[in-house]
Amino acid sequence: MTRRELHVVPVPGPGAEDVLIGHDGTAYTGCADGAIYAVRADGGEPWRVGATGGRPLGLERLPEGRILICDAHRGLLDMALDSGEVRVLADRVDGIPMRFCNNAAVSDDGTIWFTDSSTKWGIEEWKSDLIDDTCTGRLLKLLPGGQPEVVLDGLSFANGVALASDQSFVVVAETGHRRLRRYYRTGPLAGNADVFAADLPAHPDNIAGGSDGLLWVTYASPADATLARLQKSPKAIRTVVRRLPERLKPTPQRTVRVAAYDDLGQVVHDVETDATHWHMATGVREHDGRVWLGSLVEPALAWFDLA
């Protein structure tokens, strides 16, 4: 593991959960107030691009000056960067509203791969899904002009999504079980899935392909032994714990850690920074050697340089 110096960039809204880097180096993030904010690569005051009316999480680039937004409340959206106009791309699966749209990746053919973290609990009760270990998370795809299709289900809090450098497979994070799953898009295993990386040292959150061709993974919290025991305990015990006051439930430890994997599942980078002034990295984006981070709880983005 290596250590790097962390630089914090405040944004006007709370909980800058994910981060996206535009072609010009501008950083975008979505906050708990529903707004999408932008930060110039050369500094300066952040500005408000628009608002979703929900809780934006994962962000991805789309053609024609639009960005894709996974909104935990409203589903899969896109927004025009010049006007802030919002369109709903998908908010239901087989006629049933999505409960927790979380993260996405877009392949060159326009297919959107995205997660619905839970069919039982929404974002306000994300701890409940981890404690209950509902395994109702899903990886879905949306073809241009089509309807959402489930490609993997039974996932333990489905979270980040990223494509391999050659786009032959999709990787999805299972936060609850500390592993990364792989779904093959092409080749002899197309349509099948296996484990890309297991027994991770922490609970993975968002993941994203970097400009370096690697798959970057955020570790929102180190492995939690209490949570692991709860997930294996009788349902009655999990129900009691789920109903406890928030301060008595398992809580993410204060940390900032990210890792990068190659397409073979080998760790290339494992970076930790000081978490005194900023913590709980949930979003990540490597761009030309600089790694940007978002946080579910912080009113700021952060970054460090790999060099």
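Above this text sits the structure in question.
Calculation criteria
- Residues numbered from 1 in each chain as written.
- Predicted model: local features only at pLDDT ≥ 70, side-chain atom pairs only at ≥ 80, totals over all residues.
- Heavy atoms only, no water.
- Helix = DSSP H or I, 4+ residues; strand = E, 2+ residues; numbered from the N terminus.
- Rg over C-alpha atoms; globule rule 2.2 N^0.38 Å.
- Buried < 20%, exposed > 50% of the residue type's maximum accessible area, 1.4 Å probe, protein only.
- Contact = heavy atoms within 4.5 Å.
- Areas by Shrake-Rupley, 256 points an atom, 1.4 Å probe, with all protein chains shown as cover.
- Pairing = 2+ DSSP bridges.
- Axes fitted to C-alpha atoms, helices over the stretch in contact; angles between N-to-C directions.

Across its full length, the chain carries 3 helices and 27 strands. Compactness check: the chain gives a C-alpha radius of gyration of 18 Å against a globular reference of 19 Å for 307 residues, within 12% of the reference. Its C-alpha atoms give the chain principal-axis dimensions of roughly 50 × 45 × 40 Å. Taken across its 307 residues, the chain has 58% of its residues classed as buried. For the chain, the share of sequence-separated contacts (at least 6 apart) that also reach a separation of at least 24 residues comes to 49%. Approximately 12800 Å² of the chain is accessible, and the part contributed by carbon and sulfur atoms is 50%.

What follows deals with the sheet that holds strand 14 (residues 112-116). Strand order in the open sheet made by the 4 strands is 13-14-15-16, with antiparallel pairing throughout. Looking at which strands have only one partner, the edges of the open sheet turn out to be strand 13 (101-106) and strand 16 (149-155). Strand-to-strand twist of the sheet, defined as the mean angle between neighbouring strand axes without regard to direction, takes the value 20°. Direction of pairing for strand 14 relative to strand 15 (residues 137-142): antiparallel, over a ladder of 5 bridges. Pairing of aspartate 116 across the sheet is with arginine 138, part of strand 15.

For the rest of this paragraph, the subject is the pairing of strand 13. Among the 6 residues of strand 13, 5 are classified as buried, and the element is accordingly described as predominantly covered. Across 4 bridges, strand 13 lies against strand 14 in antiparallel orientation. Bridge assignment links alanine 104 to a residue of strand 14, and that residue is phenylalanine 114. Taken together, strand 13 and the strand that follows it, strand 14, pair antiparallel across an intervening segment of 5 residues, in which glycine 110 is found at a positive phi of about 90°.

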